[in-house]
Amino acid sequence: MATPMSASRFLERLRTEGATVVEVGDWEHHNRNHVGPWGPVHGVMIHHTVTRGSAQTVELCRNGYEGLPGPLCHGVVTKDGRVHLVGYGRANHAGLGDDDVLRAVIAETALPPDNEADTDGNRHFYGFECENLGDGNDPWPAVQLEAIERVSAAVCRHHGWTERSVIGHLEWQPGKVDPRGFTMASMRTRIGERLR
């Protein structure tokens, strides 16, 4: 069980890990905390955006859209490898997911199949949206994959977690496919090597 780090510590940790960070507006106070708690936190969740164009992707993730208000994550990893901080606190990114998966993340054990949606993930996960069409064909530049690795490792390092605390949306919520175009197993391997 972990208390979310402060916004200033989050920024510091990302930069210390070597991430190129862009602060967007008053990101430190932009959140959904009025609708429910954020924390305890147990892991990091990775998504793809199904968008093209960094500026519009960052704007969408900051503001949300009709029916799903922003922020839609804490950071947006654009194709150029920059990490745009758009919110901090509870964010609309994880939705309802599988309580068995959450228990496995907490225990840092192998993930079971996600076959139910009964647990509030927005409360328990840091979230990073990654600019990609999510069609399996849109490329993932090496600099973007490295940024995903760095931000995930930064959060894990702060909390003393291993790479097993990093999951994809597809591993959390039935029916989700993101991120598509690389495997979470390969990303966890990269994160694990960085943490060693």
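What comes next concerns the included structure. (Residues numbered from 1 in each chain as written. Predicted model: local features only at pLDDT ≥ 70, side-chain atom pairs only at ≥ 80, totals over all residues. Heavy atoms only, no water.)

Concerning the pattern of salt bridges
The condition is simple: Whenever a carboxyl oxygen of Asp or Glu lies within 4 Å of a side-chain nitrogen of Lys or Arg, that contact is scored as a salt bridge. Secondary structure is summarised from DSSP: a helix means a run of H or I of at least four residues, a strand means a run of E of at least two, and numbering begins at the N terminus for each. Note on classification: 1.4 Å probe, protein chains only; a residue is buried when its accessible area is under 20% of the maximum for its type, exposed when over 50%, partly exposed between these limits.
One pass over the structure, following the stated rule, counts 13 salt bridges. Residue Asp99 is joined to Arg103 by a salt bridge in which the shortest nitrogen-to-oxygen separation is 3.4 Å. Of the two residues, Asp99 and Arg103 are both situated in helix α3 (residues 99-107); the distance of four residues between them amounts to about one turn of the helix. Residue classification places Arg103 among the partly exposed positions, given a relative accessible area of 47%. One salt-bridge network, held together by shared partners, links Glu17, Glu149, Arg157, Arg190 and Arg194.

Regarding the nonpolar core
Test applied: The nonpolar core is taken to be a set of buried Ala, Val, Leu, Ile, Met, Phe, Trp, Tyr and Cys residues, with the residues joined through side-chain atoms within 4.5 Å.
Phe10, Leu14, Ile46, Tyr126, Phe128 and Ile148 are the most contacted members of the largest nonpolar core, which totals 35 residues. Of all the secondary-structure elements, those providing two or more residues to this core are α1 (7-16), β2 (43-48), β6 (82-85), β9 (125-130), α5 (142-159) and α6 (184-195). For this core, the element with the most residues is α5, which contributes eight residues. Of all hydrophobic cores here, the second largest spans eight residues; its members include Leu102, Val105, Phe125 and Ile167.

Structural notes on α3
Where we set the bar: Contacts between residues were defined by any pair of non-hydrogen atoms, one from each residue, lying within 4.5 Å.
Within the span of α3, buried status applies to Asp99, Val101, Leu102, Ala104 and Val105. On its buried face, α3 is in contact with β2, β7 (96-97), β8 (119-120), α4 (121-124), β9 and β10 (166-168). Looking one or two residues past α3, Glu108 carries a phi angle of roughly 55°, positive in sign.

Here we look at the environment of His158
Tracing the sequence through the fold places His158 in helix α5. Between the C-alpha atom of His158 and that of Pro4, which follows or precedes it by 154 residues, the distance is 10.0 Å. Apart from residues lying up to four places away in sequence, His158 is in contact with Met5, Arg9 and Arg13.

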